[in-house]
Amino acid sequence: MNFSNSKIARNASWIIISKLLQSALSFVVGLLTARYLGPSNYGLINYAISVVTFVLPIVQLGFNNVLVHELTNSPEKEGELLGTSITLSFLSAVFCMIGVISFVVVTDGGNKEMVWVVAIYSINLILQVFDLLQYWFQAKLMSKYCSITSLVAYIAVTCYKVFLLITSKNVYWFVMSYAIDYFIIAVMLLVIYRKLGGQKLAVDIKLGKQLFSKSRHYIVPGLMVAIFSQTDKIMLNNMLGQTATGYYSAAVTVAMIPAFVYSAIIDSYRPVIFSNQSNQEWFEQSLRQLYSIVIYISLAQSVVMTVFAELIVGILYGAEFHEAVGALRIIVWFVTFSYFGSVRNIWMLAKDQQKYLWIINASGAALNVVLNILLIPVSGIIGAAIASLATQMFSNFVLSFIIAPLRENNKILLSSLNPKHLLSLLKKN
């Protein structure tokens, strides 16, 4: 497969170019915003993000994991598939929004600022429902439209944040920027979907039951992922306070700056792999290529960020966030293992092995909670970073050796470590 001349490359290129432009804007605005808010308010916003993220898998109902597969296999039902999944997710979002606000009132009711920040941020649960439309664009290999939409929304939000900085607004105004972002994206995706000839959205209860019978396997695993990806921030906030959460969140944010590159490549490979999964040799070779790209890009990133961690944090956040440097040098190494999981999930869906996801993610969640309880009191944010790295390694690599049916995937993963696969791909280009 010639990656540079294929639809995969063009699709990924649009995403990467768009995200590069966003990163350039983020470099300047993010620097000013984080310094303006300071570690405490920055930690407060990230605590709100963590609490809301906990229920996101319930809002999504697992549809985000199966829609590309379903749209690829049944394009004639795209209107019903999208309309039904959006409607069911919307209803779930309303209940989850009420639940999140109630939870914070009960646990942190004495902190009025925290309650309001979480309440404002939880609006995103409803707006994010329309993100399900992006899977139609992915299935059609037309992610350029999602990229353009995302870029337009980001530019608008950037202008909004600059206004807030100039006028010295409080933290509530900054939290609202997330809702503005998702609102613009939702409206634009709906308009472009219809302009490109997308079928009229409709609700089909019978189809919804069929779709949910496949997607439900991802809900509990998604919750488990939310636990071991967000527990550290919530426990840091409860044990050490908002400032520690701010330092740790800064480290995580820096480590995930290049995440769009991995997402662009994986999202572009996914529909092509599904459309040719009957050809076992081609299927395995495509996965091997995908693993190889992810592994070597992430390893290069980890080395660079480990060496220049202090400089990177200093430029992006300033001396006030110096405590984030040590955590960054550890956290950046879990990037490789976290994206192992994303590629593995493609293999699991193609092989109908989703039933093992709950074991993987439940084990990871349990390990993460235990490690955070043990390490945060002793080592603070460094302990939380170690817990996160250990959890990703265990969940996305070690467990696939322990669970026998998943060993086939790990064989593909290990064979992709041979640099000849990446070199052969580059030579074709």
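Residues numbered from 1 in each chain as written. Predicted model: local features only at pLDDT ≥ 70, side-chain atom pairs only at ≥ 80, totals over all residues. Heavy atoms only, no water.

K.L.:
Lay out the overall build of the protein chain with the relevant residues and their values.
P.N.:
Counting its regular elements, the protein chain contains 20 helices and zero strands. Residues counted as buried form 54% of the 429 residues belonging to the protein chain. Sequence-distant contacts, at least 24 apart, represent 83% of the contacts inside the protein chain between residues at least 6 apart. A total of about 17900 Å² of accessible surface is found on the protein chain, and carbon and sulfur atoms cover 67% of it. (Helix = DSSP H or I, 4+ residues; strand = E, 2+ residues; numbered from the N terminus. Buried < 20%, exposed > 50% of the residue type's maximum accessible area, 1.4 Å probe, protein only. Contact = heavy atoms within 4.5 Å. Areas by Shrake-Rupley, 256 points an atom, 1.4 Å probe, with all protein chains shown as cover.)

K.L.:
Which residues make up the packing of aromatic side chains, and what values go with them?
P.N.:
Scanning the entire structure with this criterion turns up 12 aromatic pairs. Each ring, one from Phe-337 and one from Phe-340, has its centre 5.5 Å from the other, and the planes form 75°; the classification is edge-to-face. Here Phe-337 and its partner Phe-340 are both found in helix 16 (residues 334–350), three residues apart, which amounts to about one turn of the helix. For the pair formed by Phe-337 and Phe-340, the shared burial category is buried. Here Phe-337 and Phe-397 contribute two aromatic rings whose centre-to-centre distance is 6.4 Å and whose plane-to-plane angle is 65°, an arrangement assigned as edge-to-face. Here Phe-337 is found in helix 16, whereas its partner Phe-397 is found in helix 18 (residues 381–402), with 60 residues between them in sequence. Through a chain of ring-to-ring contacts, the aromatic side chains of Tyr-291, Phe-337, Phe-340, Phe-397 and Phe-401 assemble into a single cluster. Just above the ring of Tyr-178 sits the side chain of Lys-161; from NZ or CZ to the centre is 5.7 Å. Between Lys-169 and the ring centre of Trp-173, over which it is positioned, the NZ or CZ distance is 4.7 Å. (Phe/Tyr/Trp six-rings, centres within 6.5 Å; stacked < 30°, edge-to-face > 60°. Lys NZ or Arg CZ within 6 Å of the ring centre and 35° of its normal.)

K.L.:
Hey, could you go over the packing of helix 13 (residues 280–307) against helix 19 (residues 407–415) for me, with residue numbers and the actual values?
P.N.:
Two elements in contact, helix 13 and helix 19, have axes separated by 8 Å at closest approach and are oriented at 55°. In this view, helix 13 runs oblique relative to helix 19, as classed from their interaxial angle. Where helix 13 crosses over helix 19, the handedness of that crossing is right-handed. Where helix 13 abuts helix 19, its residues Gln-280, Glu-284, Leu-287, Arg-288, Tyr-291 and Ile-295 lie against Glu-408, Asn-409, Ile-412, Leu-413 and Ser-415. Here the contact of helix 13 with helix 19 is composed, by residue class, of five nonpolar, three polar and three charged. (Axes fitted to C-alpha atoms, helices over the stretch in contact; angles between N-to-C directions. Parallel < 35°, antiparallel > 145°, perpendicular 65-115°, else oblique. Left-handed = near helix turned anticlockwise from the far one by under 90°. Nonpolar A, V, L, I, M, F, W, Y, C, P; charged D, E, K, R; others polar.)

K.L.:
Please give an account of the confidence of the model for the protein chain that cites residues and values.
P.N.:
Fine structural detail should not be taken from predicted coordinates in areas where pLDDT scores are low. Across the protein chain, the average pLDDT comes to 82, with 89% of residues at 70 or higher. The least confident element of the protein chain is helix 20 (residues 419–428), whose mean pLDDT is 61; the most confident is helix 15 (residues 324–331), at 92. (pLDDT = per-residue confidence, 0-100.)

K.L.:
So, helix 18: which residues are in play, and what are the values?
P.N.:
End to end, helix 18 covers 30 Å across 22 residues, agreeing with the expected 32 Å (1.5 Å per residue, within 8%). The axis of helix 18 is deflected most strongly, by about 40°, at Phe-394. (Expected span 1.5 Å × (residues − 1). Bend = angle between axes of the 7 residues up to and from the residue.)

K.L.:
An account of the nonpolar core is needed here, citing residue identities and associated values.
P.N.:
In this structure, Leu-125, Leu-290, Leu-328 and Ile-331 are the most contacted members of the largest nonpolar core, which totals 120 residues. Not counting the four nearest positions on each side in its chain, Leu-125 is found in contact with Val-52, Val-55, Leu-56, Val-59, Ala-93, Cys-96, Met-97 and Val-100. (Core = buried A, V, L, I, M, F, W, Y, C linked by side-chain atoms within 4.5 Å.)

K.L.:
A description of the environment of Tyr-172 should follow, citing residues and the corresponding values.
P.N.:
The residue Tyr-172 is located in helix 8 (residues 171–195) in this model. Judged by relative accessible area, which is 28%, Tyr-172 ranks as partly exposed. When the C-alpha atoms of Tyr-172 and Val-117 are compared, they prove to be 6.1 Å apart, with 55 residues separating the residues in sequence. Among all residues touching Tyr-172, those that are not within four sequence positions of it are Glu-113, Trp-116, Val-117 and Ile-120.

K.L.:
Please provide a residue-by-residue account of helix 8, values included.
P.N.:
An ideal rise of 1.5 Å per residue puts 36 Å on 25 residues; helix 8 measures up with 37 Å between its terminal C-alpha atoms. Regarding helix 8, its N-cap is Asn-170, as a side-chain oxygen of that residue lies 3.1 Å from the backbone nitrogen of Tyr-172 further along. Residue Gly-197 follows helix 8 closely and has a positive phi angle near 90°. (Polar contact = N/O pair within 3.5 Å; in protein donor to acceptor, adjacent residues only side chain to side chain.)

K.L.:
Pulling in residues and values, what's your account of unusual backbone geometry?
P.N.:
One non-glycine residue, Leu-61, lies in the positive phi region at around 55°. Tracing the chain through its elements places Leu-61 in the loop between helix 1 (7–60) and helix 2 (63–73). Phi at Ser-168 is positive, roughly 55°, even though this residue is not glycine. Counting through the fold element by element, Ser-168 comes out in the loop between helix 7 (143–167) and helix 8.

K.L.:
Summarise the environment of Tyr-356; cite the residues concerned and give the values.
P.N.:
In this fold, Tyr-356 is placed in the loop between helix 16 and helix 17 (357–379). What makes Tyr-356 buried here is its relative accessible area of 18%. As a C-alpha pair, Tyr-356 and Ser-400 span 44 residues in sequence and 9.8 Å in three-dimensional space. Once residues lying within four places of it in the same chain are set aside, the contact partners of Tyr-356 are Met-348, Ile-403, Pro-405 and Leu-406.

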